Amino acid sequence: MESIFHEKQPSGNMDDSGFFSIQVISNALKVWGLELILFNSPEYQRLRIDPINERSFICNYKEHWFTVRKLGKQWFNLNSLLTGPELISDTYLALFLAQLQQEGYSIFVVKGDLPDCEADQLLQMIRVQQMHRPKLIGEELAQLKEQRVQKTDLERVLEVNDGTGMLDEDEEDLQRALALSRQEIDMEDEEADLRRAIQLSMQGTSRNRCQDIPQTSGSHPTSEELRKRREAYFEKQQQQQQQQQAPPGQLTHLCEKSSTSSEAADSDLGDSMSEEDMLQAAVTMSLETVRSNLKTEGKK
C-alpha cells in the first residue's frame, strides 16, 4: 500500500518538454554502436584530431540540443531553431565550434560508424551551394510580421490613390499651372511698366506745354521750338502742293506768300531742321522728360 500512495519523484534524465539528459542520449547511441566523447576533454585534446576528420558533433546548452553533422563531403548545422540547415565550410568548422564553447555550449564528438541515410548518399554525388544563410525562427517571424505591416500600409496608400487619382500626376499638373501663372504675372508686370512709362512721357510733355516754360539747352531745342518748326515744315509742304495745282496766274502770288512765310519762320527759328533731325530731337526730349518725372517720383 505504501508503494501505491508513494509520490513519483521527478527524473533528472527527462522532463515533460521532451528534454533528455546526456546519459539517456549516450545509452541510446550505444544501441547503434556509437560513443560520445567530450570535445574539450583532456583525453580528446591529446589526440589532436582535426574536427573536419570527424563525422558528427552533438551540442547542448541548458535544455537545447542540436547536431553538427557531415553529409556527403560538407558540414551542416542542423539546429532546429534555424529556418533550415546551415552550410558550414571546412575552414569555418573549427571556429564555429570554438564560438559555441564561448557561448556556454557543451560539445560531444560522436565516434563510430553512423547509420546510412538518404541525404548522405545524395550529397556524396553533388555539392550544395547556399546563397543565403538561414535565419533564426523568431527573427524570420519578426521580418514576416514587419513585411505584412508594410504591405498593409502600401495597400492603404494605393486605395487612397485609387479614390482621388494619382498623386504624382496631380502634383505635376499643379506645378505646371503655377509656372504658367508666374509667366503671365511677369508679362503683365512688363506691360504695366511700359504703359506707366508712356503715361509719364505724355504727362511730362503736356505739362511743359501748359506751363509754357522755355527750356534752353546747348544742343536740344525746346518743345515750343519743335512745334513751330513742325508747323513751318507742314506749311511749306502744303504750299508746294498748292503751287503744283494752282493756275499760272496764281503761281506768282503763292510763291511770294511762301517766300514771305519761309523768311518769317527762318527769322524766328533760324536754320530749318530735316525731318529726321526733328524726330530725333522729339525722342530725346521725351526720354529726358521721363527721366525727370521718374526722379521726381523717387524723391516723393
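This is a predicted model, so every value here is computed, not measured.

> Honestly, the overall build of the protein chain in this entry has me stumped. Any pointers?
Helices and strands together make up the secondary structure of the protein chain, namely 10 helices and 6 strands. Nonlocal contacts in the protein chain, meaning residues at least 24 apart in sequence, comprise 60% of its contacts between residues at least 6 apart.

> Before we go on, may I ask you to explain the side chain of R69 in this structure?
Along the chain, R69 falls in strand β3 (residues 64–71). Among buried Asp, Glu, Lys and Arg side chains, R69 stands out as unpaired, with D120 the closest opposite charge at 5.2 Å. Setting aside residues up to four positions removed in sequence, R69 forms contacts with R55, S56, Q74, W75, F76, L78, L114, P115 and C117.

> I tried to follow the sheet that holds strand β6 (residues 106–111) on my own but got confused; where do I start?
Strand pairs in the sheet, formed through backbone hydrogen bonds, run parallel or antiparallel to each other. Taken in spatial order, the 6 strands line up as β1-β6-β2-β3-β4-β5 in an open sheet, and their pairing is antiparallel. Two strands in the sheet have a free side with no partner beyond their single neighbour: β1 (35–38) and β5 (86–88). Geometrically, the sheet is characterised by an average inter-axis angle of 30° between neighbouring strands, direction not taken into account. Relative to β3, strand β2 (residues 56–61) runs antiparallel, the two being bridged by 6 bridges. Residue N60 lies in a different strand from β3, and its bridge partner there is W65. Docked against the sheet, helix α2 (residues 22–30) engages β1, β2, β3 and β6, running at close to 140° with respect to β1. Each of β2, β3, β4 (74–77), β5 and β6 touches helix α4 (residues 90–102); the most contacted strand, β5, lies at about 110° to it.

How each quantity is defined
Residues numbered from 1 in each chain as written. Predicted model: local features only at pLDDT ≥ 70, side-chain atom pairs only at ≥ 80, totals over all residues. Heavy atoms only, no water. Helix = DSSP H or I, 4+ residues; strand = E, 2+ residues; numbered from the N terminus. Contact = heavy atoms within 4.5 Å. Buried < 20%, exposed > 50% of the residue type's maximum accessible area, 1.4 Å probe, protein only. Lys, Arg positive; Asp, Glu negative; His and termini not counted. Salt bridge = Lys/Arg side-chain N within 4 Å of Asp/Glu carboxyl O. Pairing = 2+ DSSP bridges. Axes fitted to C-alpha atoms, helices over the stretch in contact; angles between N-to-C directions.

What is shown is where atoms sit, not what they do.
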